[in-house]
Amino acid sequence: ELAMKSLGSEGLFLFSSLDTNNDLYLSPEEFKPIAEKLTGVAPISEFEEEETPDPSGETLSVVAKFQPLVMETMTKSKDGFLGISHVALSGLRNWTAPAVPMSVLLARQFKAFLPPKNKVDLGDPWWIIPSELNIFTGYLSNNRFYPPPPKGKEVIIHKLLSMFHPRPFVKSRFAPQGAVACIQAISTFYYTIAFRIHAEFQLNEPPDFPFWFSPGQFTGHIVLAKDSSHVRDFKLFVPNSRSLNVDMEWLYGASESSNMEVDIGYLPQMELESTGPSIPSVIHDENGNVIDSRDPSGEPIQFVFEEITWQQQIPWEEAARRLEVAMYPFKKVSYLPFTQAFERAKAEKKLVHSILLWAKVLPPPLPGSGRTLRETVLESSPILALLNQSFVSSWSLVKELEELQSNRENELHSKLAALHLEKYNFPVEMIICLPNGTVVHHINANYFLDITSMKPEDVESNIFSFSTNFEDPSTATYLQFLKEGLQRAKPYLQS
């Protein structure tokens, strides 16, 4: 109360965003973001001080390419952003170019991407930055403006993402957070390492309220010497093959419980790429003497690199899938694009199990979000087994199906989307249907979570019965939902 009286609601909001341990006292470490903002001087992190640059080490030039979010793809654009203050979106609208178009990094800094000694098999994932969140730990605070200082392997990823925007959070607020990698190819001296990063950006600063910008993922690859002395190639990017690839959330008040707006949109380009292999910062002749980096005519010396012969490798698609399953264990079941799921179901004479949701990431106040489902029932072994055996699964966004429905060039796809949308209720609908799109069973995620949080004797409806075979009521109830879908579909499948 005293803090509220002294600072007012907005002042207390800013203070709380810096007071990470909630002790109503700002330590020098907590005050650092404000000091850096006021002085314009950012001290070198402890980790970077430990990294003594090798004067003869190699450097890698990396360029950033960025095309801003297409504002028209946001759902709020349909009514001209009615009721949304211009200030709330100012950080988004003003972000039109990368913060650092080009950067020169030490090759040795990419050592963080190398595998641990027990992870040298193709496609065997490991965590570069472990995810520290799950369904039990909850999520990190929305009320933050400045990222915590990166430590250890976070430093290089923070440095890379800072080329796009000055405030990257290398650990997202929601699970799965962090970064995972696997070996895609092996040669005598090199690895090709595929990676996937879940990070986000804070676009606003005080006195405005937080605006979170969360790409679906960052992915890419690095061709790196096993001793990290040389980087042959590097690329990091946000995939842009789907019509929506970014979630956005922004607050409208000075507290954690303030109203939050949520939207989705399309980002055409966000990528980092090396301009070529890393090169020595200092060149020596055969006698060890330092020589000029330019030839007598003044032209830079051209380096010739040996061709890498790969002894083992897996396709990029396989490596990307291994990383996805590491982040999302529920994807041990393949979730196909909407129309492909129906084609596969028809060919295999199976039902379609479909998850239809408003956005990839829904804020924590919505317990029926896709995040809750994928971190609980969809990861459980009995559900995975039945889905693999009897269903073809799909995971779609409402906006994608609305676009499919309005596309009259393909009447079949339009009809399939329409049948789904008829049954949809916010925020998530689970649907079981025939290969022709006929819905035989569906349940809303909020209702599902409500009944599974009740005691069995309190559930009046006999739509779902609790099984005694599984201790977890959520798993038992979802299993019953799937089995009842199979039962209802029998007359159709037999005919």
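Residues numbered from 1 in each chain as written. Predicted model: local features only at pLDDT ≥ 70, side-chain atom pairs only at ≥ 80, totals over all residues. Heavy atoms only, no water.

Turning to the overall build of the chain, a few remarks are in order. Across its full length, the chain holds 13 helices and 22 strands. A total of 495 residues make up the chain; the buried ones form 50% of that total. As displayed, the chain has an accessible area near 24300 Å², and 52% of this comes from carbon and sulfur atoms. (Helix = DSSP H or I, 4+ residues; strand = E, 2+ residues; numbered from the N terminus. Buried < 20%, exposed > 50% of the residue type's maximum accessible area, 1.4 Å probe, protein only. Areas by Shrake-Rupley, 256 points an atom, 1.4 Å probe, with all protein chains shown as cover.)

Right, let's talk about the side chain of Ser-394 for a bit. Here Ser-394 is to be found in strand S20 (residues 391-397). Reaching out from Ser-394, the side chain makes a polar contact with the backbone oxygen of Leu-336 at a distance of 3.0 Å. Filtering out sequence-adjacent residues up to four positions away, Ser-394 remains in contact with Tyr-335, Leu-336, Pro-337, Phe-338, Ala-341, His-353, Ser-354 and Ile-355. (Polar contact = N/O pair within 3.5 Å; in protein donor to acceptor, adjacent residues only side chain to side chain. Contact = heavy atoms within 4.5 Å.)

Time to look at the pairing of strand S9 (residues 218-225). The buried count for S9 comes to seven of eight residues, which makes it a mostly enclosed element. Here S9 folds back onto strand S10 (residues 231-237), and the loop between the two strands holds five residues, one of which, Ser-228, carries a positive phi near 60°. (Pairing = 2+ DSSP bridges.)

Before going further, it helps to spend a moment on the sheet that holds strand S12 (residues 260-265). Spatially, S4-S7-S8-S11-S12 is the arrangement adopted by the five strands of the open sheet, whose pairing is antiparallel. Every interior strand has two partners, whereas the edge strands, strand S4 (168-169) and S12, have only one. Both strand S11 (residues 246-251) and S12 contribute to a ladder of six bridges, which runs antiparallel. In the sheet register, Trp-250 faces S12, and the bridge partner there is Glu-261.

Quick look at unusual backbone geometry now. Between Ala-175 and Pro-176 the backbone carries a cis peptide bond, its omega angle lying at -5°. Position of Pro-176 relative to the elements: it lies in the loop between S4 and strand S5 (178-186). Cis rather than trans, the peptide bond between Phe-426 and Pro-427 has omega equal to 0°. Along the chain, Pro-427 turns up in the loop between helix H11 (411-423) and strand S21 (428-433). The phi torsion at Ser-228 lies on the positive side, around 60°, for a residue other than glycine. Its location among the elements puts Ser-228 in the loop between S9 and S10. Residue classification places Ser-228 among the buried residues on the basis of a relative accessible area of 2%. Positive phi values are uncommon outside glycine, yet Lys-349 reaches one of about 55°. Looking at the secondary structure, you find Lys-349 in the loop between helix H7 (338-348) and strand S19 (351-357).

With that settled, consider the nonpolar core. Most often, soluble globular proteins keep nonpolar side chains buried together rather than apart. Of all hydrophobic cores here, the largest spans 60 residues; its most connected members are Ile-355, Leu-378, Met-430, Tyr-478 and Leu-482. Those residues in contact with Leu-482 that lie beyond four places of it in its chain are His-353, Ile-383, Leu-386, Leu-387, Phe-391 and Ile-432. Residues Leu-69, Trp-95, Phe-110 and Leu-224 belong to the second largest nonpolar core, which totals 55 residues. (Core = buried A, V, L, I, M, F, W, Y, C linked by side-chain atoms within 4.5 Å.)

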